[in-house]
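What follows is each chain in one-letter form.
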Protein chains: 2
Amino acid sequence: MDIIISNSSGEPIYNQISSQIKTMILDGRLKEGDALPSMRSLAQQLRISVITTKRAYEELERDGFIESYTGKGSFVKAQNTELFREEQLRLIEEMLSNVCDKAKLCGIELDELREILEIVYGGQ
Amino acid sequence: MDIIISNSSGEPIYNQISSQIKTMILDGRLKEGDALPSMRSLAQQLRISVITTKRAYEELERDGFIESYTGKGSFVKAQNTELFREEQLRLIEEMLSNVCDKAKLCGIELDELREILEIVYGGQ
DNA sequence: TAAATTGTATATATCTTATATACACATTAT
DNA sequence: ATAATGTGTATATAAGATATATACAATTTA
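These lines cover the structure that appears in this document, whether it is placed above or below. (Residues numbered from 1 in each chain as written. Chains lettered and ligands numbered in written order. Predicted model: local features only at pLDDT ≥ 70, side-chain atom pairs only at ≥ 80, totals over all residues. Heavy atoms only, no water.)

## Here's the deal with the protein's contact with DNA strand C
Just so we agree on the cut-off: When at least one non-hydrogen atom of a residue lies within 4 Å of a molecule or strand, that residue is treated as near it. Polar contacts, as counted here, are pairs of nitrogen or oxygen atoms within 3.5 Å of one another; within protein the pair requires one atom able to donate a hydrogen and one able to accept it, and residues that are adjacent in sequence qualify only if both atoms are side-chain atoms. For the purposes of this entry, the term helix denotes a DSSP run of H or I that reaches at least four residues, the term strand denotes a run of E that reaches at least two, and both are numbered from the N terminus. In this count, Pro and Cys sit with the nonpolar residues alongside Ala, Val, Leu, Ile, Met, Phe, Trp and Tyr, while Asp, Glu, Lys and Arg are called charged and the others, Gly among them, polar.
Within the structure, DNA strand C sits among 24 residues, and Met-39 and Arg-40 of chain A together with Tyr-14, Ile-51 and Thr-52 of chain B are positioned closest to it. Backbone atoms, meaning sugar and phosphate, make up 61% of the atoms of DNA strand C lying within 4 Å of the protein. Interatomic distance of 3.1 Å between a backbone N/O atom of Ser-49 of chain B and a phosphate oxygen of DNA strand C. Between Arg-55 of chain B and DNA strand C, the recorded distance is 2.8 Å, taken from a side-chain N or O atom to a phosphate oxygen. Only α2 (39-46), α3 (50-62), β1 (66-69) and β2 (73-76) of chain A together with α1 (13-26) and α3 (50-62) of chain B provide two or more residues apiece to the surface near DNA strand C. The dominant element in the surface near DNA strand C, judged by the number of residues it contributes, is α3 of chain B, at 3 residues. Partitioning the surface near DNA strand C into residue classes produces 8 nonpolar, 10 polar and 6 charged.

In structure tokens form, the structure reads like this:
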């Protein structure tokens, strides 16, 4: 499992893990029923504590992405992608609203924002 | 001084204060040389500790927005608005990049993002 | 059924946020 | 001049979030 964590980013490690796994589930790299690495093996691989991987998995379980069974392991659940899309849209709207606030504050026009958006969306 | 703080937002109080004062400086409500409310009076008004207002003012001082003098008070400095604009542009680009990552993850097209951007920029 | 592997729970350490209190400097009223 | 008040500053402390070590419980496997 390719997970990369940064200690300097300021984002909690358990969040980095759960969001990367979320991404893998949503883009199809992980499918319904697939087994996740055990909390211990992932912790060992990332050189962090089991408690931290557990917290990441708890977050994924709370959000309906996986299920864990004592003694067996953790597995990807069936996804409601449409519901997730709606949730993401709400988040994106909020983020764009923050961008607009920042922009207006120093006189950045809508056109300029549109340009930046197109550039960062297009490339990568 | 009209400053509104929220205890439930999750954003640190000192950040809420400093960012609102930054806004006032940048949109012209506060001008070079203007005196800020004393740390004590602002703390009293917001029913928070002096240490918290001090931390907000320290942040503003570190970012070059104000200067504080023991016994006298805190005052707005001359602004380099062009430099600030450049910094904000970098931040905005980063935020838009995050938006695009989120969008691609659940199949949201550039057109849809553009629409949302226009809506949240236009109204308010 | 014993050993190994899995998830879980408890107690602890460190950092960030927010605070109370006491201190140092400048202005103002006497 | 100087005492009183108002200003910013420094130290010690409390509460919450993040990450950990260690021991416990359930399942699988040899």
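## Notes on the nonpolar core
This is how it is decided: Working definition of a nonpolar core: buried Ala, Val, Leu, Ile, Met, Phe, Trp, Tyr and Cys residues. They are joined through side-chain atoms within 4.5 Å. For every residue, the accessible area (1.4 Å probe, protein chains only) is compared with the maximum for its type, and the residue is labelled buried under 20%, exposed over 50%, or partly exposed between those bounds. It only takes one pair of heavy atoms within 4.5 Å for two residues to be counted as in contact.
In terms of nonpolar packing, the biggest core is built from 68 residues, with Ile-21 and Leu-113 of chain A together with Ile-21 and Leu-113 of chain B touching the most fellow members. Among residues more than four places away in sequence, those in contact with Ile-21 of chain B are Met-1, Ile-3, Leu-30, Leu-36, Tyr-57 and Leu-60 of chain B.

## Quick look at the interface of chain B and chain A
So the rule is basically this: As used here, buried area is the combined drop in accessible area, with a 1.4 Å probe, of two parts when they are placed together. For salt bridges, the criterion is a side-chain nitrogen of Lys or Arg within 4 Å of an Asp or Glu carboxyl oxygen.
Between chain B and chain A, the residue contacts involve 35 residues of the former and 35 residues of the latter. When chain B packs against chain A, the two sides together hide about 3700 Å² of surface, and 73% of this comes from carbon and sulfur. The largest per-residue losses of area from chain B upon contact with chain A belong to Leu-105, Leu-117 and Tyr-121 of chain B, which jointly make up 19% of the total buried on that side. As a salt-bridge pair, Glu-112 of chain A and Arg-85 of chain B come within 3.0 Å of each other at their nearest N and O atoms. Linking chain B with chain A are 10 residue pairs in polar contact (both at pLDDT 80 or more). Every element with two or more residues in the side of chain B that touches chain A is listed here: α1, α4 (81-105) and α5 (110-122) of chain B. If one sorts the elements of the side of chain B that touches chain A by residue count, α4 of chain B sits on top with 18 residues. In terms of residue class, the side of chain B that touches chain A is built from 19 nonpolar, 7 polar and 9 charged.

## Overview of the protein's contact with DNA strand D
The immediate surroundings of DNA strand D are formed by 24 residues, with Tyr-14, Ile-51 and Thr-52 of chain A together with Met-39 and Arg-40 of chain B found nearest. In the interface set of DNA strand D, defined as its atoms within 4 Å of the protein, sugar plus phosphate atoms amount to 62%. Residue Arg-40 of chain B places a side-chain N or O atom 2.5 Å away from a base oxygen belonging to DNA strand D. Backbone polar atom of Gly-71 of chain B to a base oxygen of DNA strand D: 3.1 Å apart, as the coordinates give it. Those elements that place two or more of their residues in the surface near DNA strand D are α1 (13-26) and α3 of chain A together with α2 (39-46), α3, β1 (66-69) and β2 (73-76) of chain B. Of the residues belonging to the surface near DNA strand D, the class tally is 8 nonpolar, 10 polar and 6 charged.

## A look at the relation of the copies chain B and chain A
Put simply, the rule reads: A residue counts toward the fit only if its pLDDT is at least 70 in both copies, and the copies are then superposed by least squares on the C-alpha atoms of those residues.
At an RMSD of 0.1 Å, chain B and chain A line up after a rotation of 179 degrees and a shift of 0.0 Å along the axis. With respect to symmetry, the two chain copies, as superposed, fit the operation of a two-fold axis. Residue Arg-114 of chain B, judged by its C-alpha, is the member of chain B lying nearest the rotation axis, at 3.4 Å. Taken as a fraction of all interface residues of chain B, those also at the interface in chain A reach 100%, which identifies the copy contact as same-surface.

## Points about the environment of Leu-46 of chain B
Residue and element names in this part refer to chain B. Mapping Leu-46 onto the fold places it in helix α2. Residue classification places Leu-46 among the buried residues on the basis of a relative accessible area of 13%. As for Leu-46 and Glu-112, which are separated by 66 residues in sequence, their C-alpha atoms are 41 Å apart.

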